[in-house]
Amino acid sequence: MRKFLASAKMLAGAALAGALLAGTSAYADQPRPWETSFQAPATDMMRQIEWFGNYTFAFIVVITLLVLVLLAYCILRFRASANPVPSRTSHNTLIEVIWTVGPVVVLLLIAIPSFQLLTAQYTPPEEAKLTVKATGNQWNWDYEYQVDKSFSFNSAILQDGDRAKAGKEDRSLYPRLLAVDNELVVPVNTMTRVLITATDVIHSFAVPSFGIKMDAVPGRTNETWFKADKEGLYYGQCSQLCGKDHAFMPIAVRVVSDAQFKTWLEAAKTDVPAANKALMAEIDGTNKVAAAGN
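Residues numbered from 1 in each chain as written. Predicted model: local features only at pLDDT ≥ 70, side-chain atom pairs only at ≥ 80, totals over all residues. Heavy atoms only, no water.

A cluster of nonpolar side chains, Phe57, Ile60, Val61, Leu65 and Leu68, forms an exposed patch at the surface whose accessible area comes to about 480 Å². Residue position: Leu65 is located in helix α2 (residues 44-77). In this structure Leu65 comes out as partly exposed when scored by relative accessible area, which is 48%. (Patch = residues over 30% accessible without salt bridge, like charges linked within 9 Å, V, L, I, M, F, W, Y side chains within 5 Å. Areas by Shrake-Rupley, 256 points an atom, 1.4 Å probe, with all protein chains shown as cover. Salt bridge = Lys/Arg side-chain N within 4 Å of Asp/Glu carboxyl O. Helix = DSSP H or I, 4+ residues; strand = E, 2+ residues; numbered from the N terminus. Buried < 20%, exposed > 50% of the residue type's maximum accessible area, 1.4 Å probe, protein only.)

This is the structure we're talking about:
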């Protein structure tokens, strides 16, 4: 019993330390095994999408239970042994009105917030302060920052053999098949416009935590936007079948403070890998100091 209590205390202490460390480390989200819900939202738009998902799920649960109850009632009430002489009734006005009006009301209750959400997705609440062009290739992404001195770089899946050189050996933060060599870096609480196109086949730029998904079509430029309100590293993937390496075309977006972004931006104009390493070192140092303070 004493050993059990000691073990419980040790586990509780470890959990508390982990919680404190997690609270001070950079916020991030990514797909997880057996995940059945949305990733944690990092934008107001994704929160609206999450609310709408829960809202429609409530209708699904009620309708499923109702159908189950009706089926059970019919099986028990109108089985041959309990009802040897079946009714010859062919019409029931009340039932026909209910099963016509009921679905119409349900569809209206779903359609109205659905249209509102769709309108919000295509109506940015403010002008974009940063514009990035994302170009899909087989099977990587090119990012072009449209600033006073525009520059671009390629972002491809991080190979396992390159982890040590890139300083990305922590697989909990840089998971296999999702980590990239060069992340898209944006400032927190900043309206960001993303212009999306492709060079070869149709791709799709999708980041679940931001609530964005837009096709990248060759010869056409589509547009989406997001305003991340939490710093951290967020992952997405190409969401359009685009060839044999479709599964190896991740998207990684690093959201940083405004000061960190300005420093990174100036350095990235001349040397993107060096700017990324300096940014990672600064973030890692900040997290260690915050963890020590707790």
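That shown, we press on.
A word on the layout of surface pockets. Space inside the second largest pocket adds up to approximately 560 Å³. Surrounding the second largest pocket, 16 residues form its lining, Leu66, Leu70, Ile95, Ile98 and Trp99 being those nearest its centre. Elements supplying a minimum of two residues to the lining of the second largest pocket: α2 and α3 (93-121). A per-class count over the lining of the second largest pocket returns twelve nonpolar, four polar and no charged. (1 Å grid on protein atoms, 1.4 Å probe; cavity = no way out; pocket = protein on both sides within 12 Å on 5 of 7 lines; lining within 4 Å. Points joined across faces, edges and corners; volume = space filled by probe spheres on them. Nonpolar A, V, L, I, M, F, W, Y, C, P; charged D, E, K, R; others polar.)

Here strand β7 (residues 203-207) lies mainly inside the structure; five of its five residues are buried. Here β7 shows two buried faces, one formed by His203, Phe205 and Val207 and the other by Ser204 and Ala206. Two strands pair when backbone bridges link them, and β7 and strand β8 (residues 212-216) are joined in this way by five bridges, in the antiparallel orientation. The residue of β8 that forms the bridge with Phe205 is Met214. (Pairing = 2+ DSSP bridges.)

In this model, α3 (29 residues) spans 42 Å end to end at C-alpha, consistent with the 42 Å of a helix rising 1.5 Å per residue. One side-chain oxygen at the N-terminal end of α3 lies 3.2 Å from the backbone nitrogen of Leu94; it belongs to Asn92. (Expected span 1.5 Å × (residues − 1). Polar contact = N/O pair within 3.5 Å; in protein donor to acceptor, adjacent residues only side chain to side chain.)

Let us look at the pairing of strand β4 (residues 151-155). Here β4 shows one buried face, formed by Phe151, Phe153 and Ser155, and one open face, formed by Ser152 and Asn154. The pairing of strand β3 (residues 140-145) with β4 spans five bridges and is antiparallel. Its bridge partner lying in β4, Asp142 is registered against Asn154. Counting the residues that bridge the hairpin from β3 to β4 gives five residues.

Moving on, we come to the pattern of salt bridges. Counted by the stated rule, this structure contains twelve salt bridges. Put simply, Lys227 and Glu126 hold a salt bridge, and the shortest N to O gap is 2.9 Å. Of this pair, Lys227 sits in the loop between β9 (222-226) and β10 (232-237) while Glu126 sits in the loop between α3 and β2 (130-137), and the two are 101 residues apart along the sequence. Taking the relative accessible area as the measure of exposure, Lys227 reaches 30% and is therefore partly exposed. Through salt bridges with shared partners, a single network forms among Asp160, Arg163, Arg171 and Arg176.

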